[in-house]
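Each chain, written out:
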Amino acid sequence: MPDVDLSDKIPPSARWVKIHYEMRPLKPNAQLVARLWSGGSLDDAVVIKGESGDVFVRLDKPQTISYQRPVTVELKVKVLAFKVASD
């Protein structure tokens, strides 16, 4: 699964990230669905659906999210906010 490096957007201490996503079909009738996660397994993924929206992803792998999407869908993500670990 492809990874997205967020190191230029969030610090290593960030544990949650708020992501804005946009999807568009590359072929007619493509299902706009994808998964986002960090570290861990695909079972921990956040399922996203529709043209756009905002989701929170827990960062188990610092500064990195992974995604899975159909090849018939273009996915763009943008960091809106993050929360650092509090000890």
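Residues numbered from 1 in each chain as written. Predicted model: local features only at pLDDT ≥ 70, side-chain atom pairs only at ≥ 80, totals over all residues. Heavy atoms only, no water.

Chemist: Honestly, the overall build of the chain in this entry has me stumped. Any pointers?
Modeler: For the chain, the helix and strand inventory stands at 0 helices and 7 strands. Among the 87 residues that make up the chain, the fraction classed as buried is 30%. Look at the contacts in the chain between residues 6 or more apart in sequence, and 75% of them connect residues 24 or more apart. A total of about 5,600 Å² of accessible surface is found on the chain, and carbon and sulfur atoms cover 49% of it. Positive and negative side-chain charges in the chain, numbering 13 and 11 respectively, have mean positions lying 3 Å apart. (Helix = DSSP H or I, 4+ residues; strand = E, 2+ residues; numbered from the N terminus. Buried < 20%, exposed > 50% of the residue type's maximum accessible area, 1.4 Å probe, protein only. Contact = heavy atoms within 4.5 Å. Areas by Shrake-Rupley, 256 points an atom, 1.4 Å probe, with all protein chains shown as cover. Lys, Arg positive; Asp, Glu negative; His and termini not counted. Charge placed at Lys NZ, Arg CZ, Asp CG, Glu CD.)

Chemist: It is not clear to me how the sheet that holds strand β1 (residues 3-5) should be interpreted in this structure. Could you clarify?
Modeler: Strands belonging to one sheet form pairs held by backbone hydrogen bonds; the direction of such a pair is parallel or antiparallel. In space, the 4 strands of this open sheet follow the order β1-β6-β3-β4, with antiparallel pairing throughout. Of all the strands in the sheet, just β1 and β4 (46-49) have a single pairing partner and so form its edges. Each adjacent strand pair in this sheet contributes to an overall mean axis angle of 30 degrees, direction not counted. Two strands pair when backbone bridges link them, and β1 and strand β6 (residues 64-68) are joined in this way by 3 bridges, in the antiparallel orientation. When the sheet's bridge partners are listed, D5 is paired in β6 with T64. (Pairing = 2+ DSSP bridges. Axes fitted to C-alpha atoms, helices over the stretch in contact; angles between N-to-C directions.)

Chemist: Looking at this structure, how should I read the pattern of salt bridges?
Modeler: Side-chain pairing between opposite charges can occur once the charged atoms of the two side chains come close. The full count for this structure, using the stated rule, is 3 salt bridges. Residues E74 and R24 are paired through a salt bridge, measuring 2.7 Å at the closest nitrogen-oxygen approach. Pair noted here: E74 is in strand β7 (residues 73-84) and R24 is in strand β2 (residues 14-25), with a separation of 50 residues, a long-range link. Judged by relative accessible area, E74 falls into the partly exposed class, the value being 26%. In this structure R24 comes out as partly exposed when scored by relative accessible area, which is 43%. (Salt bridge = Lys/Arg side-chain N within 4 Å of Asp/Glu carboxyl O.)

Chemist: Would you mind showing me how to read the sheet that holds strand β5 (residues 52-58) here?
Modeler: The strand order across the open sheet formed by 3 strands is β5-β2-β7, and the pairing between neighbours is antiparallel. Edge positions in the sheet fall to β5 and β7, since each has one partner strand and no second. Ignoring strand direction, the axes of neighbouring strands in this sheet form an average angle of 25 degrees. Relative to β7, β2 runs antiparallel, the two being bridged by 11 bridges. Bridge pairing links E22 to K76 in β7.

Chemist: What is the right way to read the nonpolar core from this model?
Modeler: Most often, soluble globular proteins keep nonpolar side chains buried together rather than apart. Counting 18 residues, the largest nonpolar core has V17, M23, L36, I48, V55, I65 and L75 as its most contacted members. Contributions of two or more residues to this core are made by β2, β3 (33-37), β5 and β7. When residues of this core are assigned to their parent elements, the largest contribution, 5 residues, is made by β2. (Core = buried A, V, L, I, M, F, W, Y, C linked by side-chain atoms within 4.5 Å.)

Shape is all these values report; function is a separate question.
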